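So you can see what is in the structure, the chains are spelled out below.
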Amino acid sequence: MKIKSLFGKDKAVFSFEVFPPKKDSPIESVYEKLEEICALQPDFISVTYGAGGAGGHSRTCEIAAKIKHDFHVESMAHLTCVNSTRGMIDETLEDFRRNGIENILALRGDYTEGVAPQTDFRYASDLCAYIKSKGDFDVSGACYPESHVDAESEVADVLNLKKKVEAGAGHLISQLFFDNSLFYRFLERTEIAGINVPIEAGIMPVTNKRQIERMVSLCGASLPPKFAKMMQKYESKPEALRDAGIAYAVEQIVDLLANGVDGIHLYTMNNPYVAEKITRAVKTLL
Ligand code: FAD
C-alpha cells in the first residue's frame, strides 16, 4: 500500500519509527519487540537506514519486509545518499523492489567525519527525483520545524524543502521537537511557500536522559523550560523520567491533534512499553 493513500481521510495518520539492530547483534534480537510494536496497529512503520550508508541497507530492507509481510503493518524504508554512488542506490532499490517495499523516506543523511561524501546525489531532492524515475515507489522526505542545522536561514530551508516536494516527496515527516508552537510556525512557513503535501509531526518520548541529550545535540531541538525542569527533577529516577516523558509526549500529541495535524510519527526507540502507553492514551483522539 502506498503511504500517500492514508492521508486526506477523516482521521490523523499515526505512524511509528523503529531502527534495525547493530551490525554485531543478530537480526532476530529485535523481532520480539517489533512484534509487540506492530500489534499496536499503527498506520505504518518506518525503518531507519544506518548512518554511513554503504552496505547498511540490508537490515533496513529485511526489517521493513518482516514488518510488512510477517507482522502485517505497512512499512517504509529510509534511504540515505550521502555515502552512496548511483550504482549502490540502484542495488538498494532493486532489493526494496524484490522484497515488496513500496514506500521510501529519501534522505541526504549526515556527513561522516573523515569520510568524503559521494557526489552522485548532493541533496535529498536529487535522491527523490532519482527514485521517482526508477519505478513505482511512493517517496517521502524529512523536514525540520526548527530548520536544518546546516540551513542558511529559515526561509532558505523552507525553499529547499519546496524543491524536495517538487522533486517528488509526496509526504513529509518532521524532526523531533518539544515545543508545539515552533511546529505551528513552521507549518505557516510551509503554507506561505506553497508546500501542500501532508506533514507528520515527529514526537520523541524521553525514555532516558542520555538518549534525549544525544538526540538534542545532534539535531539542535530546543528544550522548553518545563521540559528541562522535568528532566532535571527526575534525571536520577529512570522510571519516573520515563513516565514523565510519556505524559509530556501525550500532552504534545493531544494539542497537535486538536490543532488538526495531518499525522503523528512516534519515534518509538524500539520500546514497546512506551509505544503502547502512548498509543492507548491517544488512539480515540486520532
Ligand atoms: P536535505 O533535504 O538534502 O537537506 C540538507 C541541507 O541542505 C538543509 O540544510 C537544506 O536546507 C539544504 N538543501 C537542500 N536542498 C538544497 C538545495 N537544492 N540547494 C541548497 N541547499 C539545499 N539519517 C540517517 O542517517 N538515517 C535515517 O534513517 C534517518 N532518518 C531520518 C528521519 C527523519 C524523519 C528525519 C527528520 C531525519 C532523519 N535522518 C536520518 C537525519 C538526516 O539524514 C539528516 O538530518 C541530514 O543532515 C539531512 O537529511 P535531509 O534528507 O533532510 O537533507
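Provided above is the structure to which this section pertains.
Residues numbered from 1 in each chain as written. Predicted model: local features only at pLDDT ≥ 70, side-chain atom pairs only at ≥ 80, totals over all residues. Heavy atoms only, no water.

**As for the overall build of the protein chain**
Scanning the protein chain for helices and strands turns up ten helices and eight strands. Relative to its length of 286 residues, the protein chain is compact, with a C-alpha radius of gyration of 18 Å against a globular reference of 19 Å. Its C-alpha atoms give the protein chain principal-axis dimensions of roughly 50 × 45 × 45 Å. A buried classification covers 53% of the 286 residues belonging to the protein chain. A sequence separation of at least 24 residues applies to 80% of the contacts in the protein chain between residues at least 6 apart. Surface summary for the protein chain: the accessible area is close to 13600 Å², and the carbon and sulfur share equals 50%. For the protein chain, the centre of its 33 positive side-chain charges and the centre of its 40 negative side-chain charges are spaced 2 Å apart. (Helix = DSSP H or I, 4+ residues; strand = E, 2+ residues; numbered from the N terminus. Rg over C-alpha atoms; globule rule 2.2 N^0.38 Å. Buried < 20%, exposed > 50% of the residue type's maximum accessible area, 1.4 Å probe, protein only. Contact = heavy atoms within 4.5 Å. Areas by Shrake-Rupley, 256 points an atom, 1.4 Å probe, with all protein chains shown as cover. Lys, Arg positive; Asp, Glu negative; His and termini not counted. Charge placed at Lys NZ, Arg CZ, Asp CG, Glu CD.)

**Considerations on the packing of helix H9 (residues 238-258) against helix H10 (residues 272-282)**
Where H9 contacts H10, the two axes come as close as 10 Å, and the packing angle between them is 35 degrees. Considering the relative orientation of H9 and H10, their crossing is right-handed. Counting all contacts with H9, which are made through Arg 242, Asp 243, Ile 246, Ala 249, Val 250 and Ile 253, the residues of H10 involved are Tyr 273, Val 274, Lys 277, Ile 278, Ala 281 and Val 282. Residue classes in the contact of H9 with H10 are distributed as nine nonpolar, no polar and three charged. (Axes fitted to C-alpha atoms, helices over the stretch in contact; angles between N-to-C directions. Left-handed = near helix turned anticlockwise from the far one by under 90°. Nonpolar A, V, L, I, M, F, W, Y, C, P; charged D, E, K, R; others polar.)

**Thoughts on the packing of aromatic side chains**
Counting across every chain of the model gives seven aromatic pairs. Its guanidinium or amino end placed over the ring of Phe 121, Arg 86 lies 5.9 Å from that ring's centre, counting from NZ or CZ. (Phe/Tyr/Trp six-rings, centres within 6.5 Å; stacked < 30°, edge-to-face > 60°. Lys NZ or Arg CZ within 6 Å of the ring centre and 35° of its normal.)

**A closer look at the side chain of Glu 74**
Within the secondary structure, Glu 74 sits in the loop between helix H2 (57-69) and strand E3 (75-80). From its side chain, Glu 74 meets the backbone nitrogen of Met 1 in a polar contact 2.9 Å long. Looking at Glu 74, its side chain comes within polar contact range of the side chain of Lys 68, at 3.4 Å. With residues up to four places along the chain from it excluded, the contact list for Glu 74 reads Met 1, Asp 43, Phe 44, Ile 45, Ile 67, Lys 68 and Asn 103. (Polar contact = N/O pair within 3.5 Å; in protein donor to acceptor, adjacent residues only side chain to side chain.)

Shape descriptors only; they carry no functional weight alone.
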